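Structure assessment
What follows is each chain in one-letter form.
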Amino acid sequence: MNGDWPQGRYKIEDFGRKVTITNLTYVDGKTYQCTASNDVESVSSGVRVTVKSRPFFSLESQKPLDVIQVPGKSVNITCDPSGLPKPTTKWLVNGVPIEETPTMENRKVTSNWIKLKNLKKEDSAVYQCIASNPYGTVIEQAYVNVLTSPPIPLSSNADNYKSVERSTVKMNCSFFGSSPPKVTCSKGGVDISSMDRFSIVKHKQTKQLKIEGVTRDDAGLYTCVAVNEYGNSSIDFTLDVLKPTSIKIVGPDSVIKGNTVSFRAVVKAESAADEVVWYRSEVPKGRGETFTISDADYSDSGTYKVSVSTKYDKSWGYVTLTVKDRPSPPERFNFSTNKDSKLDVNFNWTPGAENNDEITEYKIEFEEDNFEPGTWQVLRDSINPSLRSTSEVLSPYVNYKFRLLARNSVGWSDPSAETRRYSTPEGAPKNPTGVRGEGTSPNNMIITWSRVRGIDQNGPGLEYLVSYRKAGNGSSAWNTAPVEDPLTSYTVENTEPYKPYEIIVQSKNDFDVADVPEMVRGYSGEDVPLVTPNNVKVKTFDEAPRHVLVSWEAVDPTLVRGRFLGYKIFYGMSSDNEDEKVVECKPNVTETYVSNLFPNTQYWFSVAVYNRMYTGNKSEKKIVTTPEGAPGRPTSLTLKRRNATSLFLTWNKPKENWGKVVMYVVTYGPPKDPENEITENTGEQKFTVKNLNPDTYYNIRVKARSRQGMGEEEVLQTRTLRSGIPSTVPFSLDPGSTTTNITWISSPDKPDFMPANSFYVKYVDGNGNENQTPPKDVEDGDKQSITIEGLEPDTEYKFVLVLVNGAGPTEIHSTASTEEAAVTSGSFATEIWFIVLMCLLGVVIILLLVVCFVRKGKGGKYSVAEKEGRLFDAESQPMTKEETGEYNDETDDVKRPLSSTFADGPANGNSKAPPSDYKSDPPLRTRGDSVAGDSIEEFADTDAKEFNEDGSFIGQYGVINESAATSTAASPNGDVETSTQIKGDAV
């Protein structure tokens, strides 16, 4: 075979005499040769195999394919079949041979393809391709669809886009249409499609409105319109322009080596930060708003970047960190001496490393082993950092060694290596400093000075030569005394008080004497001043009652006997001798103001001179009373009662009597709202703030005013109650016969209690007659009461307590009955003369009755004399009903009690009760409580009525009604106590 056998599709059989090839392809068309051989010879025979097939399409692109296209476009329809022999092709359009269809100018036809140009809607059709050869036929077709459509939005309507200033934003504005529509966009009615920064671009088959370099003015509503020959459509969307994310890095720009440093990114963004990343050299080092470096090293120095990403932008911030430390010690520090002077030396050195912070100064220190061994002292500091050498003059008689230190902003370096020791020769000492002369008593002066440092003694055997003399007398001799070191004082005795002296203290050692120092002036001790200020005056000011002007005459300074420091003004309130205050003035002052006094207060004032040690005698006290001023602060500002719209306040007078209070000024309003404050005046120490808002906080300020002005304020902050009708309260009734007293508690201690501003009472009797008391304001205090008068005795009433505030009334009901009216009678006379008089009148009455009885001749019915005699019997006892003379005749239809003016004393409420030590026999009285001592006037007034025409006595004594509902009892003081119990009440 000329080629390779088809892999896996051939099989040799029958001992090599048969070959079978399956699934033939065109490549199997070859010449095949069979060879037979033996030991003698070989024989070959060949055969040519030709592979033929029916038509087929080996590639998808070789057959007709459906196509959808828009008008104006072009399409190609391909029909390129394979087969052996080569197939022939034939085209049909909608099942009709193409040569039988009308000719089309925009259509070009060949055996293997058809091309349609400038498509129209009517060019839509089904094109069929028939491929044939002797072995078969295959038919393929393609549908050419020329689509027409008005624009259809492919992007969402009313989308909201967000972008950041100075960025680029793309907003979808895609439409489908056939033919393709033209898209334009506008904002505020202005076409922006072709304006700078605006363009319509295509991204992955999607049209977008692109805006570059977005600004705040680009925010708003956009409209995109698509138009073709078949219609139009539009979509709207909005753009919000956000401020770019800003980053401020808070943290130091340097850190000391070994310390910890933290940076914090303060992010300002109009959208939440999605990610915060810290970088150094573009390598991530941390995440989050805070980035910390611990144990900082020099390698941590550098620039750090923080990246903040939001949904809409990404921003960066940068910070540079320097890790620094104290300088390294200076190197190669040494010194050299001057040949001409062993005290002059030259120092030189080489700077050490600055460690990221420049050196600002050097200093040289020394240590000596004689006076302060082991202590390093400064020889020279503040050496210019640019110097590398310097010269110094050393002190005599010191064994030195030196070292050098450098300084930067972090601190001083470690010292350099120490130099060798160097000893200087002896010299004259330095003089002491701080020389002064002062006395501790009038007859001495102590001269003191500061000890010369060991390094300044410049040799052994140091002592001080103290010289002094009186000042002002140049011819007087110096007095000199040696004082050995370490003493630093010398006392001059027997001096006059406060006299000036000239003083010199000079140093000396075994080698030499110091130069003569400058002379110092000192003074001997001070004494009590001999002078007192005269003509002291105190002036007050009506317009400034807290200030007075104190003046005096100047004194002779020589009499102060010390350093004249000035004057002292002593003062205090006359009512408080212990509270003495002092004001000091300079020597050249002869008047001064004393302030912060209390108005309307009596003060005393004295003036004295003083020196450093003593104060002189005080001048005679001057007594003045400061003018009346503004009053003090009111005290005990208290909220007594409150409700939803008002507050009742009380306060006390100011504690300080600084001025007569003429009124109080009350200012109130919401806290921190001075523009809405209201001010009112009152002459009382109480005030009701009205017309407030419910459940609101108020600041209340109360100030007292006098003729001189306004005093300090007392402040109270409180809150009105929430709005609501008054709460129900219990009330009690205390009825009398014609009155009823009603009491109730106006402010019980309850959290949600709603108080009333005023109240009144409605009451209705049993007949339905309704009355009402006038409204009454709730008074100060918890207990409220009202008395209702003019009621009917023994009558049941319904009472309604009506509580009122701004939110409405609350009614509380109760019932009570008045008491029955008590019998009214006069008092029983207890005086002796009155008893005698009554007896005489009784005798006269009896005689008159007897005469009348005889004359009328009608005495057959009963014996009046007999019964009257029994009534006046001094030994008689209380009688029965039959014994009182009451008529028993059943036919008598006139039965009336005999009226009586006198009752039995305090039992019936008579104020004239018998004395406590008075004792009498049981009085004669009937069941009706009439006594035998009834007056003659009573009988005379009823003469015509009490007797009939035959002279009979037809009156009868009254009888006690035992069924009365009201009981009376005599109280210890003779008053009548009445008790009425209402159902449900407590007695």
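UniProt annotates the protein under Sequence similarities (unreviewed entry) with the comment "Belongs to the immunoglobulin superfamily. L1/neurofascin/NgCAM family." The UniProt entry for the protein carries this comment under Subcellular location (unreviewed entry): "Membrane".

Quick look at the overall build of the protein
Along its length, the protein carries four helices and 72 strands. When each of the 987 residues of the protein is scored for burial, the buried share is 38%. Partitioning the contacts of the protein with sequence separation of at least 6, the portion at a separation of at least 24 is 63%. Carbon and sulfur atoms make up 47% of the accessible area of the protein, which amounts to about 56700 Å² in all.

Focus on a nonpolar patch on the surface
Judged by side-chain polarity, Trp5, Tyr10, Ile12 and Val19 come together as a nonpolar surface patch covering roughly 360 Å² of accessible area. In this structure, Val19 sits in strand 2 (residues 18-21).

Considerations on the pattern of salt bridges
Tallied over the entire structure, the rule returns 39 salt bridges. In this structure, the salt-bridge partner of Asp14 is Arg17, at a minimum N-O distance of 2.7 Å. Note that Arg453 is salt-bridged to Asp456, the shortest N-O span being 3.2 Å. On the basis of relative accessibility, which here comes to 10%, the residue Asp456 falls in the buried class. Beyond isolated ion pairs, a larger network of salt bridges with shared partners links Arg436, Glu438, Glu526 and Arg612.

A word on the state of the cysteines
Evaluated as defined, the whole model comprises two disulfides. With a sulfur-sulfur separation of 1.6 Å, Cys79 is cross-linked through a disulfide to Cys129. Between Cys79 and Cys129 the disulfide shows an S-S torsion of about -70 degrees. By sign, it is left-handed. Placement of the pair is Cys79 in the loop between strand 7 (75-78) and strand 8 (82-84) and Cys129 in strand 13 (residues 125-133), with a sequence separation of 50 residues. A single burial state applies to Cys79 and to Cys129, both of which are buried. With its sulfur 1.9 Å from that of its partner, Cys185 forms a disulfide with Cys224. The sign of the S-S torsion, about 105 degrees, decides the handedness of the disulfide formed by Cys185 and Cys224: right-handed. Of this pair, Cys185 sits in strand 19 (residues 182-187) while Cys224 is found in strand 23 (residues 220-228), placing the two residues 39 residues apart along the sequence. The burial state of Cys185 is the same as that of Cys224; both residues are buried.

A closer look at the pairing of strand 4 (residues 42-48)
Counting buried residues along strand 4, only zero of its seven residues qualify, which leaves the element largely exposed. Counting the residues in the hairpin turn of strand 3 (residues 31-37) and strand 4 gives four residues.

Re the packing of aromatic side chains
Per the counting criterion, the structure on display carries 29 aromatic pairs. The interplanar angle of 75 degrees and the centroid separation of 5.0 Å between the aromatic rings of Phe347 and Phe402 together place this pair among those described as edge-to-face. With Phe347 in strand 34 (residues 344-350) and Phe402 in strand 38 (residues 399-407), this pair connects stretches of sequence that are 55 residues apart. Each member of the pair, Phe347 together with Phe402, is buried. A cation over a ring is seen here: Lys187 above Tyr222, with NZ or CZ 6.0 Å from the ring centre. The residue whose ring lies beneath Lys618 is Phe570, and the NZ or CZ to ring-centre distance is 4.3 Å.

Structural notes on the pairing of strand 56 (residues 663-669)
Most of strand 56 sits out of view: six of its seven residues are buried. One ladder, built from seven bridges, connects strand 56 with strand 59 (residues 697-706); its direction is antiparallel. Opposite Thr667, over in strand 59, you have Arg701 as the bridge partner. Two strands pair when backbone bridges link them, and strand 56 and strand 57 (residues 678-682) are joined in this way by five bridges, in the antiparallel orientation. From the neighbouring strand, Val666 faces strand 57, where its bridge partner is Glu680.

Side note on the environment of Ser785
One can find Ser785 in strand 66 (residues 783-788). The exposure class assigned to Ser785 is partly exposed, which follows from its relative accessible area of 33%. Counting along the chain gives 53 residues from Ser785 to Ser732, while the straight-line C-alpha distance between them is 9.5 Å. Beyond its immediate chain neighbours, meaning those up to four positions away, Ser785 contacts Asn741, Ile742, Thr743, Phe759 and Lys776.

Regarding the sheet that holds strand 55 (residues 647-652)
Taken in spatial order, the three strands line up as 54-55-58 in an open sheet, and their pairing is antiparallel. Two strands bound the open sheet, and with one partner strand each, they are strand 54 (635-642) and strand 58 (686-689). Ignoring which end each strand starts from, the neighbouring axes of this sheet average 20 degrees apart. Sheet topology places strand 55 next to strand 58; four bridges connect them, and they run antiparallel.

Focus: the nonpolar core
Within the largest apolar cluster, 21 residues are counted, with the highest numbers of intra-cluster contacts made by Val550, Trp552, Tyr567, Ile569, Val594 and Phe605. Of all the elements in the fold, those that place two or more residues in this core are strand 48 (548-551), strand 49 (566-573) and strand 52 (602-610). Excluding residues within four positions of it along the chain, Ile569 makes contact with Val550, Trp552, Lys581, Val582, Val583, Cys585, Thr592, Val594, Phe605, Ser606 and Val607. Residues Phe731, Leu733, Ile742 and Ile812 belong to the second largest nonpolar core, which totals 20 residues.

Remarks on the confidence of the model for the protein
Close inspection of predicted coordinates is inappropriate in any region flagged by low pLDDT. Per-chain confidence: the protein averages 83 in pLDDT, with 84% of residues scoring 70 or above. Across residues 823-830, confidence stays below pLDDT 50; counting only partners more than four residues off in sequence or on other chains, it has 25 contacts. Contacts of residues 859-987 to residues separated by more than four positions or lying in other chains number 169 contacts, the stretch itself having pLDDT below 50.

Description of the sheet that holds strand 16 (residues 159-164)
Read from one edge to the other, the open sheet built from five strands follows the order 16-24-23-19-20, with strand pairing classed as mixed. Looking along the sheet, the strands with just one partner apiece sit at the ends: strand 16 and strand 20 (190-191). As paired elements, strand 19 and strand 23 share six bridges and run antiparallel to each other. Across the sheet, Ser186 pairs through a bridge with Thr223, a residue of strand 23.

Focus on the environment of Asp217
For Asp217, the location among the structural elements is in the loop between strand 22 (206-211) and strand 23. By relative accessible area, which is 65% here, Asp217 ends up exposed. Taking the C-alpha atoms as reference, Asp217 lies 9.8 Å from Glu165; in sequence the two are 52 residues apart.

So, the side chain of Thr424
One can find Thr424 in the loop between strand 39 (422-423) and strand 40 (433-438). Reaching out from Thr424, the side chain makes a polar contact with the backbone oxygen of Ser395 at a distance of 2.6 Å. In contact with Thr424, not counting residues within four places along its chain, are Lys342, Leu343, Leu394, Ser395, Pro396, Tyr397, Val398 and Tyr400.

Let's talk about helix 1 (residues 832-856)
Along its 25 residues, helix 1 runs 36 Å from first to last C-alpha, staying within 8% of the 36 Å computed at 1.5 Å per residue. Buried within helix 1 are the following residues: Phe834, Met838, Leu841, Gly842, Ile845 and Leu849.

Some details on the environment of Val528
Its location among the elements puts Val528 in the loop between strand 46 (520-523) and strand 47 (537-540). Considering only alpha carbons, one finds Val528 and Tyr610, 82 residues apart in sequence, at a separation of 8.3 Å. Once you skip the residues sitting within four places of it in the chain, Val528 turns out to touch Val560, Arg561, Tyr614 and Thr615.

Quick word on the side chain of Ser467
Topologically, Ser467 is positioned in strand 42 (residues 463-470). With near-sequence residues (within four places) excluded, Ser467 lies in contact with Trp478, Asn479, Thr480, Glu502, Ile503 and Ile504.

As for unusual backbone geometry
Here the bond from Ser178 into Ser179 is cis, since omega is 5 degrees, no more than 30 degrees from zero. Structurally, the position occupied by Ser179 is in the loop between strand 18 (175-178) and strand 19. Backbone torsion omega between Asp485 and Pro486 reads 20 degrees, so that peptide bond is classified as cis. Tracing the sequence through the fold places Pro486 in the loop between strand 43 (479-484) and strand 44 (489-493). Backbone geometry places Asn355, a non-glycine residue, at a positive phi of 60 degrees.

Analysis parameters
- Residues numbered from 1 in each chain as written.
- Predicted model: local features only at pLDDT ≥ 70, side-chain atom pairs only at ≥ 80, totals over all residues.
- Heavy atoms only, no water.
- UniProt positions renumbered as here; feature names shortened; annotations may be inferred.
- Helix = DSSP H or I, 4+ residues; strand = E, 2+ residues; numbered from the N terminus.
- Buried < 20%, exposed > 50% of the residue type's maximum accessible area, 1.4 Å probe, protein only.
- Contact = heavy atoms within 4.5 Å.
- Areas by Shrake-Rupley, 256 points an atom, 1.4 Å probe, with all protein chains shown as cover.
- Patch = residues over 30% accessible without salt bridge, like charges linked within 9 Å, V, L, I, M, F, W, Y side chains within 5 Å.
- Salt bridge = Lys/Arg side-chain N within 4 Å of Asp/Glu carboxyl O.
- Disulfide = S-S within 2.5 Å.
- Pairing = 2+ DSSP bridges.
- Phe/Tyr/Trp six-rings, centres within 6.5 Å; stacked < 30°, edge-to-face > 60°.
- Lys NZ or Arg CZ within 6 Å of the ring centre and 35° of its normal.
- Axes fitted to C-alpha atoms, helices over the stretch in contact; angles between N-to-C directions.
- Core = buried A, V, L, I, M, F, W, Y, C linked by side-chain atoms within 4.5 Å.
- pLDDT = per-residue confidence, 0-100.
- Polar contact = N/O pair within 3.5 Å; in protein donor to acceptor, adjacent residues only side chain to side chain.
- Expected span 1.5 Å × (residues − 1).

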